[in-house]
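Structural overview
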Amino acid sequence: VSLIFEDITDRRRGETLLRESEEKFRALVNNASDMITLHGFGPDGLPGQYLEVNEEACRRLKYSRDELLAMSPRDIIAPECAGIMAQNARTLHENGHATFEILHKTKDGERIPVEIRTHVFDFHTRLVAIALVRDITLRKKAEDRLRLMKTSIDSAYDEVFWMDMAGNFLYVNDAACRVTGYSCEELTAMTVFDLDPDEVYEYYQEGW
């Protein structure tokens, strides 16, 4: 009887390092504050079934991991946004990456505005895409408030100047342009001191 012994120390060490690396990667992904997903592509070039999702994706979309892994991005896009998916997919294939905004629909029907940053790469001879998905609900609400404020300011009868602590004009309304005789572009390239340097400087020094 012949016995052959093989030293598998290096192989075991390699397996241990690989397992630890996978555990660290999974811990990093599952503790991310953004949704992270991995998906393939269908024959039509559109996003295919999910291959991996992190815990934040499950929490935000209100599906279990098993439910999401049986779905694709097409299943969570709000119906009113379905028409732009093909264009986003074309951009992704042409450039290898894409950033866009879209509405996700959760399991209970809630709409979530998201920003998606996607990159395509080869994984075991298969084309897949990894997506970093950020909930931008608060940003959209802030933009809406700012838009409403801007509309109110633009329609105000009195002149309105927005400026920083150094006196640089950040925004002015039509009334301000009418009173000063400058265009909006001219005023936002100026400082408050350009209008009446002596008088304004004294007022500004007093804590304006």
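Quick notes on the overall build of the protein
Counting its regular elements, the protein contains 9 helices and 7 strands. Relative to its full complement of 208 residues, the protein shows a buried share of 32%.

Thoughts on the side chain of T37
Here T37 is to be found in strand β1 (residues 35-41). Its relative accessible area of 8% is what places T37 among the buried residues. Those residues in contact with T37 that lie beyond four places of it in its chain are Y50, E52, V53, A57, A129, I130 and A131.

What to know about the pattern of salt bridges
Applying the stated criterion across every chain yields a total of 17 salt bridges. In this structure, E101 engages K140 in a salt bridge whose closest nitrogen and oxygen atoms are separated by 2.8 Å. With E101 in strand β3 (residues 97-105) and K140 in helix α6 (residues 137-154), the pair connects residues that are 39 residues apart, well separated along the chain. Of the charged contacts in the structure, one is a salt bridge between R139 and E143, with a shortest N-O distance of 3.9 Å. With R139 and E143 both in helix α6 and 4 residues apart, this pair spans about one turn of that helix. Because the salt bridges share partners, they merge into one network encompassing E101, E115, R117, R139, K140 and E143.

Focus: the confidence of the model for the protein
When pLDDT is averaged across the protein, the result is 83; 79% of the residues are at 70 or more. Mean pLDDT across the elements of the protein bottoms out in helix α9 (residues 197-205) (53) and peaks in helix α3 (residues 65-69) (95).

Points about helix α5 (residues 85-95)
Inspection of α5 places M85, N88, A89 and L92 among the buried residues, and these make up the whole buried set. Projected down its long axis, α5 carries its buried residues within an arc of 100°, all on one side. Each element contacted by the buried residues of α5 is listed here: β1, β2 (47-53), α4 (73-76), β3, β4 (111-123) and β5 (126-135). At the exit of α5 stands G96, carrying a positive phi of roughly 85°.

Points about the sheet that holds β4
Taken together, 5 strands build an open sheet; the order of strands is β2-β1-β5-β4-β3 and the sheet is antiparallel. Strand pairing shows two members of the sheet lacking a second neighbour, β2 and β3, which therefore form its edges. For this sheet, the mean angle separating the axes of adjacent strands, direction not counted, is 35°. In the sheet, β1 pairs with β2 via 4 bridges, with the strands oriented antiparallel. Looking at the pairing, T37 lines up with V53 of β2. This element, α5, spans β1, β2, β3, β4 and β5 of the sheet and lies at about 155° to β3. Packed on one face of the sheet, α6 meets β3, β4 and β5 and runs near 130° to β4.

Brief notes about the environment of E115
Topologically, E115 is positioned in strand β4. Spatially, the C-alpha atoms of E115 and V133 are 5.8 Å apart, while their sequence positions differ by 18 residues. Apart from residues lying up to four places away in sequence, E115 is in contact with T99, F100, E101, L132, V133, R134, I136 and R139. Within polar-contact distance, the side chain of E115 engages the side chain of R117 at 3.5 Å.

Quick word on the pairing of β3
Alternating positions in β3 separate cleanly, A98, F100, I102 and H104 being buried on one face and H97, T99, E101, L103 and K105 remaining unburied on the opposite face. Between the antiparallel neighbours β3 and β4 lie 5 residues, among them G109 with a positive phi of about 95°.

Parameters and conventions
Residues numbered from 1 in each chain as written. Predicted model: local features only at pLDDT ≥ 70, side-chain atom pairs only at ≥ 80, totals over all residues. Heavy atoms only, no water. Helix = DSSP H or I, 4+ residues; strand = E, 2+ residues; numbered from the N terminus. Buried < 20%, exposed > 50% of the residue type's maximum accessible area, 1.4 Å probe, protein only. Contact = heavy atoms within 4.5 Å. Salt bridge = Lys/Arg side-chain N within 4 Å of Asp/Glu carboxyl O. pLDDT = per-residue confidence, 0-100. Arc of directions from axis to C-beta. Pairing = 2+ DSSP bridges. Axes fitted to C-alpha atoms, helices over the stretch in contact; angles between N-to-C directions. Polar contact = N/O pair within 3.5 Å; in protein donor to acceptor, adjacent residues only side chain to side chain.

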